[in-house]
Each structure stands twice: as C-alpha cells, then as structure tokens.
Amino acid sequence: MVLLQTILIVILVYYGFKFLLKWLAPKLLNYAVKKTSERFGQQFGNPQDFDNSQTREGETVIAKKPHRKSNPSKKVGEYIDFEEID
C-alpha cells in the first residue's frame, strides 16, 4: 500500500509540475523579454534622443577617421636571409 501511495504522489507531483511549467513559462519568458528590451533601450537610447542641433534636416554629414601618418624612421627590425645547409 505504501508503494502505491508513493507512486501516486510521484505521478501527481510530476503532472502538477508540468502544468505549472506550462502556465508559468510564457509569463516568465515575456517578463525576461520585456526586461531585456528595457535594458537595451536604456543602453542605446532612442535615435530621436540624440542632439541634432548641429546639423540641419536634409544635410549629409560624413565622419571620417583621421589618417594616421606612418613613421618611416621607426626601426622595425633587421631582415635576416637564411640559407639551407645540407
């Protein structure tokens, strides 16, 4: 009789957990997606929040990186020519 009770309790717990998971999983997933989108929005902000007072509407601005000048006098190293020895 105790074995039958234990099996019944295990089956009830299994199906109860399965039911709760089906009910709670979508709510937890929606909560996680909502929080993630809020954090993303806070981190990157809305594109309309940026200060556009420097440029007028319709004006095109091309931002270029400054060209780095190479320093030819900088000594990198010495070239060594190797020969095979038989």
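Residues numbered from 1 in each chain as written. Predicted model: local features only at pLDDT ≥ 70, side-chain atom pairs only at ≥ 80, totals over all residues. Heavy atoms only, no water.

Student: So what's going on with the overall build of the protein chain? Residues and values would help.
Tutor: Across its full length, the protein chain carries one helix and zero strands. Out of the 86 residues in the protein chain, the part that is buried amounts to 0%. (Helix = DSSP H or I, 4+ residues; strand = E, 2+ residues; numbered from the N terminus. Buried < 20%, exposed > 50% of the residue type's maximum accessible area, 1.4 Å probe, protein only.)

Student: Give me the lowdown on helix 1 (residues 2–44), citing residues and values where you can.
Tutor: The terminal C-alpha atoms of helix 1, which comprises 43 residues, lie 60 Å apart, in line with the 63 Å expected from a rise of 1.5 Å per residue. At L24, helix 1 shows its largest bend, some 35°, and a proline, P26, comes one to four positions later. (Expected span 1.5 Å × (residues − 1). Bend = angle between axes of the 7 residues up to and from the residue.)

Student: Report on the pattern of salt bridges, specifying residues and quantitative values.
Tutor: According to the stated counting rule, one finds one salt bridge in the structure shown. The partner of K35 in a salt bridge is E38, with the nearest N and O atoms 3.9 Å apart. Within this pair, K35 and its partner E38 are both found in helix 1, separated by three residues, close to a single helical turn. By relative accessible area, which is 32% here, K35 ends up partly exposed. (Salt bridge = Lys/Arg side-chain N within 4 Å of Asp/Glu carboxyl O.)

Student: Explain the packing of aromatic side chains to me, using residue names and the numbers behind them.
Tutor: According to the stated counting rule, one finds one aromatic pair in the structure shown. Centre to centre, the rings of Y14 and Y15 are 5.1 Å apart; their planes meet at 70°, and the pair counts as edge-to-face. The partly exposed category is assigned to Y14, whose relative accessible area is 47%. Given a relative accessible area of 51%, Y15 falls into the exposed group. (Phe/Tyr/Trp six-rings, centres within 6.5 Å; stacked < 30°, edge-to-face > 60°.)

Student: Go over a nonpolar patch on the surface, please, and point to the residues and values.
Tutor: A surface patch of nonpolar side chains, about 550 Å² in accessible area, is lined by L3, I7, I11, Y14 and Y15. Along the chain, Y14 falls in helix 1. (Patch = residues over 30% accessible without salt bridge, like charges linked within 9 Å, V, L, I, M, F, W, Y side chains within 5 Å. Areas by Shrake-Rupley, 256 points an atom, 1.4 Å probe, with all protein chains shown as cover.)

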